[in-house]
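Notes for the structure review
Single-letter residue listing:
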Amino acid sequence: MLSVAGLHLWRGDRHVLRGVSFTAEAGHCVLLTGKNGAGKTTLLRAVAGLLDPEQGEVTWRGASARKTRDDFHTELVYLGHEAPLKGDLTGRENLRYAIGIRRIVTGAEIDAALVRTAAQPFADRPVRTLSAGQRRRVALAGVLLAGASIWLLDEPTTNLDSDGKRLVAGLIEEQLAAGGIVVAAVHQDLDLGSGRIVNLELGTT
Amino acid sequence: MKTRPLEAARLVMLRDLRLAFRKPSQLLQPLMFFMIVATLFPLTLTPELSRLRDAAPGVLWVGALLSSLLALEFLFRDDAQDGTLEQFALSGQSLTWMLFAKTCVHWLLTGLPLALSAPVAAVGLGVPAQAMWSVVASLALGGFALSLIGAISAGLTLGARRGGVLLSLLTLPLAVPILVFGADATQRAITGGEIAPPMYLLGAIAVLGVTLAPLAAAAAVRIGLE
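Remember, it's a predicted structure, so these values are computed and weren't measured experimentally. (Residues numbered from 1 in each chain as written. Chains lettered and ligands numbered in written order. Predicted model: local features only at pLDDT ≥ 70, side-chain atom pairs only at ≥ 80, totals over all residues.)

1. Looking at the sheet that holds strand β4 (residues 55-60) of chain A
Residues and elements named next belong to chain A. Pairing is antiparallel in the open sheet, where four strands are placed in the order β2-β1-β4-β5. The sheet terminates laterally at β2 (14-24) and β5 (63-64), the two strands that pair on one side only. Sheet analysis places strand β1 (residues 2-11) next to β4, joined by five bridges and oriented antiparallel. When the bridges of β4 are listed, L2 appears paired with W60. (Pairing = 2+ DSSP bridges. Helix = DSSP H or I, 4+ residues; strand = E, 2+ residues; numbered from the N terminus.)

2. Comments concerning the domain arrangement of chain A
Residue and element names in this part refer to chain A. In terms of domain boundaries, chain A breaks down into domain 1 (1-75 + 151-205) and domain 2 (78-147). The straight-line distance from the C-alpha centre of domain 1 to that of domain 2 is 22 Å. If you look at the interface, domain 1 gives 15 residues, while domain 2 gives 13 residues. Examining the composition of the side of domain 1 that touches domain 2, we find that four residues originate from one element, strand β7 (residues 150-154), more than from any other. (Domains from an automatic or database assignment. Contact = placed C-beta atoms within 7 Å.)

3. So, the interface of chain B and chain A
Interfaces are frequently sized by the accessible area removed from exposure as the parts join. Between chain B and chain A, the residue contacts involve 23 residues of the former and 23 residues of the latter. Of all elements in the fold, only α1 (5-22) and α4 (84-89) of chain B reach the threshold of two or more residues within the side of chain B that touches chain A. Examining the composition of the side of chain B that touches chain A, we find that seven residues originate from one element, α1 of chain B, more than from any other. The class makeup of the residues in the side of chain B that touches chain A is eight nonpolar, seven polar and eight charged. (Nonpolar A, V, L, I, M, F, W, Y, C, P; charged D, E, K, R; others polar.)

4. Observations regarding the packing of helix α3 (residues 49-81) of chain B against helix α5 (residues 95-124) of chain B
Residues and elements named next belong to chain B. Here α3 crosses α5 at 150 degrees, and the two axes come no closer than 11 Å. Looking at the two axes, α3 sits roughly antiparallel to α5. Crossing angle aside, the handedness with which α3 passes α5 is right-handed. Here α3 contributes A56, L60, A64, S67, S68, A71 and L75 to the contact with α5, which in turn contributes K102, H106, T110, G111, L114, A118, A121 and A122. (Axes fitted to C-alpha atoms, helices over the stretch in contact; angles between N-to-C directions. Parallel < 35°, antiparallel > 145°, perpendicular 65-115°, else oblique. Left-handed = near helix turned anticlockwise from the far one by under 90°.)

5. What about helix α4 (residues 107-116) of chain A?
All names here are of chain A. Among all positions of α4, only I110, A113 and L114 are buried. Buried residues along α4 cover an arc of 100 degrees about the axis, so they all sit on one side. Residues of α4 that are buried in the fold lie against α3 (91-100) and α5 (132-146). Immediately downstream of α4, the backbone of A118 shows phi near 55 degrees, a positive value. (Buried ≥ 20, exposed ≤ 12 C-beta atoms within 10 Å, placed from the backbone. Arc of directions from axis to C-beta.)

Okay, structure coming up:
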């Protein structure tokens, strides 16, 4: 169970997060909505531990995420606005190194993930020659490969075509069915079938 | 199964080496800078080798320091921009080990080539042939210490928009001892003296750097990512 309690965070003199709280059980998806600047990215980064909240706490399985940072991070994967890929490496190389530092990964696993996100045809081209949508597909393969329980996704459907949007919805549903937790900031509606979805609108308090 | 810390560090090294060989111009730039600085002195100061010989340690070490400052900018900048450092910080692995690996590769690709090419510059400055090994050794060791100390400043300036000048200002005071002992070692090598004492001191600084700098750099990078 991932629980966020009373998160307050300032950026400079702006009070961005004003006491945000939510709880996500295994198999639940938290969809963050809100206007631009409402603090969706800030909240995701604070949950990931990249930002230090002034008040409040993130707990994972009853333990403070801050105190058990490395264990928490092993079970978490964060995908931001930009796909964290190296332009001079191919998609496959990017995944091999990025996932390799997290867990032992085989070439077959990488292939399977690339096929799942339909990134196989361009996986051996340098990432800088790929379109934004293609990069996102490679990055999504990385999210799959990380084998994490918690997915933190910031606008996962950005730059994706309609097939890609269905793919993201499908991946999230699979993750939930496997007992994982997804926290995603979304603009467009994601077509999620299952009912264990918590909507959290930011910037209203 | 989770990757062991040393294996993760090894992967970081392999990745950086592969990236470097795909984009070699970034590596050649500091090296070219060093060579140009060193060759300008005989043209401007005096062509007399005996006088140049007196200035050689200073020229070599100031050139090496400035060129290493130039190279330091590339240490974390690209990885910070494309989100790789963020993923390192969230990988559940020790950021300290991964940054240490990055720093070692950085030295391997900038500091070591500089030390190895120093004899070419040194010949032009009238350094006798028998002193070359000592010149290379002192620059290699001093360069390693410079890379380690520079990693802390590079981490601290990640968040700054035009970090280059700040980076130099932060690194220079810490680099002064390396400069002093390094130039002393080179001076002694040229005059045929005993180079062991300043080399031991350089070694001590490098050991101190190995133990403390990666920890400090990791803490600095975590702050820089905020």
